[in-house]
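Spelled out from the first residue to the last, the chains are:
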Amino acid sequence: MASVTPMLEITDAVMEVGGKTLKTCMQCGTCTGVCPWNLVKEFSPRLLIRLVSLGIEGYEEDSLWNCVTCATCVSRCPRQIDIIDVIRATRSVMLESGIVPPLYRVPLSSLRNEGNPWSSPRSERTDWSKNLEIPEFSEATEYLFFACCTHAYDARNKKVLKEVAGMLAKSGVSMGIIGTEESCCGDQAHKCGAFETYTGLQESNTELFAARGVKKIITTSPHCLNLFIKQYEGDFEVTHYTQQFARLIKEGKLTPSKPVPLKVAYHDPCYLGRHNNIYDEPRDVLRSIPGLEYIELPRSRDTSLCCGGGGGGIWSEVEVEKRFSVLRIREAKEAGAQVIATACPFCMIMLEDGLKAAGIDENEMRILDVGELLHESVE
Amino acid sequence: MSKEFPLREERIGFYICHCGINIAFKVRCHEVAEYIGTLPGVVISRDYLFMCSDPGQEIIEKDIRELNLTRVVVASCSPRMHEHTFRAACARAGLNPFRSFHHVCVREHVSWVTLDEDEATEKAKTLARAGVNRVRYQSDLFPKSFPVNPNTLVVGGGIAGMQAALDVAKAGYKVYLVERQATIGGHMLQYDKTFPTMDCAACIGTPKMVAVGQNPNIEILSLSEVEEISGFVGNFEVKVKRYARYVNAAKCTGCGECTKYCPISVPNEWDVGTQLRRAVYRPFPQAVPITFAIDKKDRGPCVQTCPAGTNVQGYVTLVREGKYKEAVKVILENLPLPGVLGRVCPAPCEKVCRRGEVDQPVSIRNLKRFAADHVDWETLEVPEIEKKPPEEKVAIVGSGPAGLSCAYFLARKGYHPTVFEAMSEIGGMLRAGIPDYRLPPEVLKREVNYMCRMGVEIKTNAPIGEGNTIDKLFSEGYKAVFLSTGAHKEFMLGVEGENAEGVLRGISFLRNVNFCVDGAIGNKAVVIGGGAVAMDVARVARRKGASDVHVYCLEKREEMPAWAEEIEATEAEGIKIHNSWGVKKIVTNGSKVAGIEFKRCVAVFDENKRFSPKYDDSESISDNCDTVLVAIGQRPDVSCINGTDGIELTRRGLISADPVTLQTGKPGVFAGGELYSGPSLVIEAIASGKEAAISIDRYIRGEDLIENRPQRPKGENWAPIPEGVQKAARAKMPELEPAQRVGSFVEVGTGFTEEQARTEAARCLSCGVCCECKQCVPACEAKAIEHDQIDKVVTLQVGSIIVATGFDVMDPTPMKEYGYGRLPNVLLNLEFERLSNATGPTSGKILLRDPNDKYQHTRPPKSVAFLHCIGSRDKNYHEYCSRTCCMYALKLAHLVKDKCGHDTEVYNFYIDMRCFGKGYEEFYRRIQDEGVRMIRGKAVEVTDKAEDPSEEGMLIVRAEDTLIGKMLRVPVEMVVLCTAMEPRPDAQEVARVFGLTLSGDGFFMEEHPKLEPVSTPTAGVFLAGACQGPKDIPDSVAQAKAAASEAQALSTLGEVIVPPMISHIDEDTCIGCQVCIGLCVYSAIEFDEFRKISVVNEAVCKGCGSCAAYCPSGAASIRHFTRKQIFGEIEGILAS
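- Naming follows an unreviewed UniProt entry, where chain B appears as FAD-binding protein of Candidatus Abyssobacteria bacterium SURF_17.
- Quoted verbatim from the Sequence similarities (unreviewed entry) field of UniProt, the annotation for chain B is "Belongs to the HdrA family."
- Chain B has a UniProt comment under Cofactor (unreviewed entry) that states "FAD".

- If you look chain A up in an unreviewed UniProt entry, it shows as (Fe-S)-binding protein from Candidatus Abyssobacteria bacterium SURF_17.

See the structure below:
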C-alpha cells in the first residue's frame, strides 16, 4: 500500500474559514448512520471530516457537494460538531481554488448580478405584490415582510406568496415590503461556500435594513429565517409566517371556518424544524382547519426526511430513485395522505418535482403550502 | 543583603522561592527580593531555589532567631500547598504562626499564567509588596480543638457503603449504615457476574452482606433516609427517617408464607421491573436484613374520601380475588350495613377514583353490594369481641344509619348498646324513606340482624322524649346517650290550597307505602321538588298506579340536587320533569285537589349561593291533577330532648354539638346524623355514628375526648398509574326493563354477575399498593405483621459521615431511535443482568421476551447486539465516559456465548474500547477469542422494519462500520443498550443535606481530584463509590477503604483542630438585627435571647465571611481577614 502524507495546510485552510469544531470528531460514525443519503447511496460525512482533518485527498470528490445541509447529523452528533459548517468551509476552500461545480455557476452569477439565484431581473422582484395593497416598509409599519426569491419568482411559489401575504395583511398585521433594492438572503451561496457572493448579499441587505430601521422581519422561507437569525449581524426579531398564523389564530384574529376535507400530512422543512425547532406552529395551523384530517408521517419533527433542496441541492441532478422527494412522497402515500403540506419554497419545488418523477397523478396527491390550506379555509 | 530599618518596630523577613524553575522561568526572583528589601520594615529579603525544602525552612527559622524577625512573608506556590509548612517553621522559631506569617502566591497566580517575563516580575513585586503591607496588621490567633464522637454514619448500602462500614467496624468503631431500600447490597448484587474475573456477583457480594449483617459494630437502618444533619466535624447530629416496615424485624423469620396470601402484585424494583412481586416482599432471597417489608403508600383517594374511612382498595381487591366473605369483613371494620350502602351510598369515593384518569372510575358502590350479596349473613362469623361488664350500656335514640352505626361500633368495642326506635320498624330513613325497589327491606334486615348477633339490642315503638326522657335513661343505668332521630319532619309550601284532600307529604307517602299502611293515590300526580326524595316519590307514585306523573322543581336541570342517574331512571319510567317552576297555588274543586298553578322561577340561589328563589310572576302555567306530592325537604324532629335540660339547639333548629367529639352541652349525651348536621348523605350519618362511638368509648373510660383521636389518612404518595394500562369500560349495573319496573317494587338493579364483579374489581389501580386486606396477618405464624406501624425519626450522634449513595442507570426511553419500551427485546443492561441472574425472572436463563407479555420469556436468542455509549460520551446526554460499559458489555457478551451456546452470534457496537484496568485488556482478547464480533461504529438506530425477508421478525441494528466505511444493517433477535451511569435524581438535595457540591457532570465533587479524592468541602464528610463519578467495583471498593481510613483517623485521634480564621461578632457593637443568622449557610450563628445579640458557634463557623460582608453595624468580622488587613493588602497593591 502506498503511503500518503497529511497535508495539514488544507486542514488549516478549512479551519480558517470555519469548521473549527471538526477537531473534536471522535469518528463514531453517527453522522453517516443518520445521513439520509445512505438510504439511497453511500456517503460518509465521518470519512469526509477525517480526510479534511488530515488534508488527505478524497474530500474534494463529488460527495462534498452532496450534502443538503438537513442537519440530521448535527442534531445527533455526540460531540455536537457543526458538520454543516465543516462542509461549508471545505466547499469554500474548493471554490477559492477555482473548483466550481458546473451546476452552481449560473445561480451564483445570477446572485451577483440580479440579487437572486433564478436568473430573473431584479426589477421584477416585487411583481407578485401588485393588486395586494401591501405598503412600502416605513416607520409606520411594524414588520418587514421579506419574500424569498424563490417565492417571488417561481410561478408555483408565487401563488403561495400572494395568499400568505394577503392573509397576513387582512388580519391586521402591520407590515411592509422594501422592494427591488433588497437581495437574496444568500443562504444558498453561504451553504455552497461561495463566501464572497454571500458576503456581498449579506452586507447589502444589512445596510438596507439598518437604513430603513427594520426591527422585526417576517420571512417566507425558513432558509432566510435561519440565516437572518444565525448569520446576519443586527438586532432584529425574525419570525416565519407559520408562527404568525398560529398566533393570529390563537388570538382569534384569523379564524379558519370553511371545512377542508382532506387527509393532510405535514412535511417538516429542515430549516424550520431541526435548524430552528419550529415544529408545533405549522401543525397548530393545520389542526385548526375544520374537516382537515391530520396525519403524522413516520419520519417527522426532528427525524423528518429532507426534500433534498437545501445546501445547493435544488440545483443538482439526482437519479429519480435516489431523490429524497420521491421517498418522501411514497412514505406519505403509504400513510394515506392526499396532501403533503409544507412551509418552504424549496420543499414545494422538490416535492412537486418528486410527484412527477414518481409518476403520481395530481388527483391522487397534491403538494400544498400550509398557507394555501389555511387560505382555503379562511376565505 | 541585610539592613537595619529602625523606623518601625516590626521586623519583617521576605523570601521568594524559585520552585525549581516553576516560578523562576517567568519571574526574576532575585530582582523581586532586591526590590522588597527596599521597603520599610523589611529586615531581610532573600530568594531561594526551594523554600519548602528543609534548608529553606531552616533559613527562615535562623533569620527569626538571629535577626529578631517579628513577621515573615513567603512568596511561592499556592497557600493550599505550603502555607502550613511555613507557619510551622515560624512556630518552631517561637512566633505565633497566625500573627507572624503571610503567604503570597506567585506560581499559580503569576508564573503559570503570565506569558511575559517583565509583566510576571512586576506582578510578583506587586503581590509581594501587598503581602508585606498586610502582615504588619495580623494578630495572634489560637486554633481550638474539639473532641470527636467515634461513631461513623455510612449512607448507602451498596458495595462501597458495605465495604466502608466493614472497615470502620473492623477498627472497633460503631457504624450506622443507612439504606433507602429494604435490603443492602446495591447494584452489584443485582448483577450476575463481575468482570474481568467472572466471579459471581452474589458469591462475592453476599458474604459482604452477611458480614455487615452480623457485625456487632454495625447497625443497619434499612428503609431509611437521612433527613437532616447538624453539628460539625467530629460532632454531627443526624436525623434519620425510618420508614415503617409493617413487619416486626425481630419476629419475622423470612419464611415467605405471607406472600402466598397477598393479593397485590407490582413490578419488583430489584428486578428492574422484569418480574412482579407482592406488596409484602423481600427484594431477593439473600436480602439483608432477611425480613420482609410491606410496600404501603398513602391510602388511596377512595379511602381518604370515604367519610367512614372504608378500606375501599381492600375489599375491591378481595372481590377481584373471589374472596367475598373476606371482602365483607374488611368493609365491616369501618362500615356497618355494606349491602345497604352498596345500594344507596352516593359514593364520593368514585368521584376521586384515579382510574378515572385512565378511563372511568371503578364502580365501587356496586362492588360493595356484590360482596355483601355474596355472603350468608346468617352464618357470617361475628368478630371475637371481649365483652364489657353488663352495666357498660349505652342508649341510642333512633335506629337510622347514624344510630345503627354508633350501636355497631360500640358493640364491636364490647359495650352493650340499646337502640330506641319510635317507629314500628328499624332503620329510620333507610326503612321509611327509601323505596323498596332501591333498597329491599330484607337487605336492611339481614344486616341489622347481624348487628344484633354482635350484641346490639333494638327496641321498636319506643320513643324518647316527654315522659320517657334522656335523664330517665341515665337513671336506668345507661352510661351515655347518642341522639340520632334524623330529619323526618317535612317542609310545606305555604300556598293556597295546600290542605286540600289529595295533597300528600312526600316522606309520609313513602313511609306509608314502605310500611304497607296506605299509599293510595290518584290517576294523575304532580310531584313538587328536585331532590332524591322527589324522584323516589314520583317513581313510587307510578308504581302505586298513577298513570301520569309530572315532577316540577325550582331548579334548572343541572342544578337539581338528585343524582343524574336517578333523574335518568325516573324519566325512563315515563315520568316527565319540568324545570324552573315554583308553585303559585293549588287549585281545588270543593275539598279536593283539581289542579296546580306555577310561576316561572328565574333564580334559585342568591349571589351568596343561599337558597332564595326569585320568580317572574308574569309567566305562569297550570296543570290538572288529582294528587299533589310535596317533597321539598326535611327538617329534624328534636322532640327527643323534651323534658331534658342542658341540650341546646342551633339557629337552624339542629342539636348543637362539638364538631369533633359530637358531645352536646350535656355531658354524656352525644348527637349525630341529620339531627345534628341537617339533611346530608347517608354515609355522613354512618361516619358520625362511628365518631360518636369513639367519643362514647373515651367518655365511659374517662379519657380525654380529643387528645390522640385517630387521624384520617392523608397524603398523595400513591403508586404511579402503570404505563400501558388497557382502557376498559366501567361495568354497568344490569337493571330490570322499565316496563318490568312499573307496578312492581322489585329491586331495579339486579346486581353484577360474578364475572362482571371480578373484572370490574380488577380495574382498581391499587393506589396504596398494600390494600390492608390483612390476609397476611393470620398467615404469619410468627405474628410479625404490624399494619399499624408508623414512620419514625431517630437521632444519631456521629463523628464522621461516609456518603456512598451510588448511581442510577440512565433510562433510554427518550432516545426513540433505539426503540426501548416499544420493541420488547430491546433491553436495558440492568434488565439483562437480571435475566442472567439466578434470582431473576428466568432463574438465570437468557431468554427472549414474549412480545405479548413482558413478564413471560420464550427461548434463547440466536443473536444479540450490545450497543455501547448509549447516553455516555454524548454531549446531548452525558458528555462523560461511564467507564464501565465497555467491560460489562464484554462480560455480557461472554454470558450469551456461555449460556445460549457458542453458535449464538454476538455483536458489540463500540466507538473506542476502554479496557484500562488490571486484567481488562486480557479479558477483551479472551472475549474476541470466543468469537464475539466487534464493530467499530456507534449504532444509530434499532428498527423492526425489514427490508428483505431475512430481516423479518428481527431487530435490525444500523451503524457505520467506520473501519471499512460502509453502512451496516445487522439483524439480531435481542439488543442490549449499555446506558450511562448517571447521578441519582435527588443528588442535588442530598448534596444540600450533607454540605456537598456537585461537579459539572452532576456527581458529588471531591475536595481535590488527585490529592483529596474522598474528602469534601464539609470536614468530616467523605465520599465513596459511584456517587462521586462512574466507577467499577474495584475502584468503588478502593475508594470505600480510603473513606473508611479517613473516618478512622478522626475517631482514633479523638480530637479535631478547627482553624481560627472564623467569624467574630463584637458583642458591644451587635444590634441584634439577626440578618446574619439567615445568611449563614452553616447555621453557625445563634441568637442569644438574654443579651439580644448574635453569637457565633466557633466549632461550626467556616469563616466564609457572609456575615461580615453584610453586618450593618460592623459587629461581625472574620479573624485574619479584618478590614485593616484587607485594606493593608489593597494599599500594597495600589502603591507603585
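1. Describing the overall build of chain B
Thought 1: Along the backbone of chain B there are 35 helices and 51 strands.
Thought 2: For chain B, the C-alpha radius of gyration of 41 Å lies well beyond 32 Å, the compact-globule estimate for 1136 residues.
Thought 3: Dimensions of chain B along its principal axes, counting C-alpha atoms only, are 135 × 85 × 70 Å.
Thought 4: For chain B, with 1136 residues in total, the buried portion stands at 56%.
Thought 5: Excluding contacts between residues fewer than 6 apart, the proportion of contacts in chain B whose partners are at least 24 apart in sequence is 71%.
Thought 6: For chain B, the computed accessible surface area is about 48700 Å², with 50% contributed by carbon and sulfur atoms.

2. Structural notes on the domain arrangement of chain A
Residue and element names in this part refer to chain A.
Thought 1: Along its sequence, chain A is organised into domain 1 (8-96), domain 2 (102-246) and domain 3 (254-378).
Thought 2: Domain 2 puts 35 residues into the contact, and the matching count from domain 3 is 34 residues.
Thought 3: Here domain 2 and domain 3 share an interface that buries about 3000 Å² over both sides, 68% of which is from carbon and sulfur atoms.
Thought 4: Our count for the domain 2 to domain 3 interface comes out at three salt bridges.
Thought 5: For the salt bridge of R156 with E372, the shortest nitrogen-to-oxygen distance reads 2.9 Å.
Thought 6: In this assembly, domain 2 and domain 3 are joined by 12 residue pairs in polar contact (both at pLDDT 80 or more).
Thought 7: At the level of elements, α7 (102-114), α8 (149-153), α9 (155-170), α10 (187-192), α12 (222-230) and α13 (241-250) are the ones that each hand at least two residues to the side of domain 2 that touches domain 3.
Thought 8: The greatest single-element share of the side of domain 2 that touches domain 3, amounting to seven residues, is contributed by α9.
Thought 9: Here the side of domain 2 that touches domain 3 is built from residues that sort into 16 nonpolar, 12 polar and seven charged.

3. Looking at the packing of helix α6 (residues 117-135) of chain B against helix α35 (residues 1123-1134) of chain B
Residues and elements named next belong to chain B.
Thought 1: Here α6 crosses α35 at 145°, and the two axes come no closer than 7 Å. For the crossing formed where α6 meets α35, the hand is right-handed. Residues T126, R129, A130, N133 and R134 of α6 lie in contact with α35, whose contacting residues are Q1125, G1128, E1129, E1131, G1132 and I1133.
Thought 2: A per-class count over the contact of α6 with α35 returns two nonpolar, five polar and four charged.

4. Section: the packing of helix α3 (residues 45-54) of chain A against helix α6 (residues 83-96) of chain A
Residues and elements named next belong to chain A.
Thought 1: Relative to each other, α3 and α6 sit at 55°, their axes nearing to 11 Å. With respect to their mutual orientation, α3 and α6 come out oblique. The handedness of the crossing between α3 and α6 comes out as left-handed. Residue-level inspection shows P45, L48, I49 and V52 of α3 in contact with α6, the latter providing I83, V86, I87 and T90.
Thought 2: Per-class residue counts for the contact of α3 with α6 are seven nonpolar, one polar and no charged.

5. Points about the nonpolar core
Thought 1: Among the nonpolar cores identified, the biggest contains 114 residues, and F145(A), L168(A), F209(A), F228(A), F245(A), L286(A) and L373(A) are the most heavily contacted of them.
Thought 2: Of the residues forming this core, the biggest block, seven residues, is contributed by α6(A).
Thought 3: Ignoring sequence-local partners within four residues, the contact set of L373(A) consists of V260(A), L262(A), V264(A), L286(A), I289(A), L292(A), V339(A), A341(A) and L368(A).
Thought 4: With 95 residues, the next largest nonpolar core counts C258(B), I264(B), I364(B) and V448(B) among its residues.

6. Section: the sheet that holds strand β35 (residues 826-828) of chain B
Residue and element names in this part refer to chain B.
Thought 1: Taken in spatial order, the five strands of this open sheet run β35-β44-β38-β39-β40, and their pairing is parallel. Strands with a single pairing partner mark the edges of an open sheet, and in this sheet they are β35 and β40 (933-936). With direction set aside, neighbouring strand axes in the sheet form an average angle of 25°.
Thought 2: Alignment of β35 against strand β44 (residues 974-979), held across three bridges, turns out to be parallel. The residue bridging V826 from the neighbouring strand is V975, located in β44.
Thought 3: On top of the sheet, helix α29 (residues 885-900) reaches β38 (863-870), β39 (905-910), β40 and β44; it is set at about 175° to β38, its chief contact.

7. Some points on a nonpolar patch on the surface
All names here are of chain B.
Thought 1: A grouping of F1121, I1126, F1127, I1130, I1133 and L1134 is seen on the molecular surface, where their side chains present a nonpolar patch of about 550 Å² in accessible area.
Thought 2: Looking at where I1133 falls in the secondary structure, it is placed in helix α35.
Thought 3: Given a relative accessible area of 38%, I1133 falls into the partly exposed group.

8. Things to note about the side chain of E498(B)
Residue and element names in this part refer to chain B.
Thought 1: With respect to the element layout, E498 can be found in the loop between β21 (489-490) and β22 (503-505).
Thought 2: Here E498 is buried and forms no salt bridge, its nearest opposite-charge partner R505 lying at an N-O distance of 6.7 Å.
Thought 3: A polar side-chain atom of E498 sits 2.7 Å from the main-chain amide nitrogen of G494.
Thought 4: The contacts of E498, once residues within four sequence positions are left out, are M492, L493, V503 and I586.

9. Considering the interface of chain B and chain A
Thought 1: If you look at the interface, chain B gives 17 residues, while chain A gives 18 residues.
Thought 2: Buried area between chain B and chain A, summed over both chains or domains, comes out near 1500 Å², and the portion from carbon and sulfur atoms is 43%.
Thought 3: For the pair chain B and chain A, the interface holds three salt bridges.
Thought 4: A salt bridge links E42(A) to K966(B); the shortest N-O distance between them is 2.8 Å.
Thought 5: The set of elements that each furnish at least two residues to the side of chain B that touches chain A consists of β42 (955-961) and β43 (966-972) of chain B.

10. Brief notes about helix α12 (residues 324-332) of chain B
Thought 1: Along α12(B), the residues that are buried comprise Y324(B), A327(B), V328(B), V330(B), I331(B) and L332(B).
Thought 2: Among the structural elements, α11 (312-320), α13 (338-344), α15 (364-373), α16 (401-412), α18 (441-454) and α26 (754-761) of chain B are those in contact with the buried residues of α12(B).

11. As for the packing of aromatic side chains
Thought 1: Applying the stated criterion across every chain, the model contains 27 aromatic pairs over all chains.
Thought 2: On the basis of an interplanar angle of 70° and a centroid distance of 4.8 Å, the ring pair of F228(A) and Y232(A) is categorised as edge-to-face. This pair shows no difference in class: F228(A) is buried, exactly as Y232(A) is.
Thought 3: Ring centres of F86(B) and F101(B) lie 5.9 Å apart, and the angle between their planes is 40°; on these two criteria the pair is classed as tilted. With F86(B) in helix α3 (residues 79-92) and F101(B) in strand β4 (residues 101-105), the pair connects residues that are 15 residues apart, well separated along the chain. F101(B) matches F86(B) in its accessibility class, with the two residues each being buried.
Thought 4: For R134(B), the ring lying beneath its charged end belongs to F1121(B), and the centroid distance is 5.3 Å.

Calculation notes
- Residues numbered from 1 in each chain as written.
- Chains lettered and ligands numbered in written order.
- Predicted model: local features only at pLDDT ≥ 70, side-chain atom pairs only at ≥ 80, totals over all residues.
- Heavy atoms only, no water.
- UniProt positions renumbered as here; feature names shortened; annotations may be inferred.
- Helix = DSSP H or I, 4+ residues; strand = E, 2+ residues; numbered from the N terminus.
- Rg over C-alpha atoms; globule rule 2.2 N^0.38 Å.
- Buried < 20%, exposed > 50% of the residue type's maximum accessible area, 1.4 Å probe, protein only.
- Contact = heavy atoms within 4.5 Å.
- Areas by Shrake-Rupley, 256 points an atom, 1.4 Å probe, with all protein chains shown as cover.
- Domains from an automatic or database assignment.
- Buried area = accessible area lost by both parts, 1.4 Å probe.
- Salt bridge = Lys/Arg side-chain N within 4 Å of Asp/Glu carboxyl O.
- Polar contact = N/O pair within 3.5 Å; in protein donor to acceptor, adjacent residues only side chain to side chain.
- Nonpolar A, V, L, I, M, F, W, Y, C, P; charged D, E, K, R; others polar.
- Axes fitted to C-alpha atoms, helices over the stretch in contact; angles between N-to-C directions.
- Left-handed = near helix turned anticlockwise from the far one by under 90°.
- Parallel < 35°, antiparallel > 145°, perpendicular 65-115°, else oblique.
- Core = buried A, V, L, I, M, F, W, Y, C linked by side-chain atoms within 4.5 Å.
- Pairing = 2+ DSSP bridges.
- Patch = residues over 30% accessible without salt bridge, like charges linked within 9 Å, V, L, I, M, F, W, Y side chains within 5 Å.
- Lys, Arg positive; Asp, Glu negative; His and termini not counted.
- Phe/Tyr/Trp six-rings, centres within 6.5 Å; stacked < 30°, edge-to-face > 60°.
- Lys NZ or Arg CZ within 6 Å of the ring centre and 35° of its normal.

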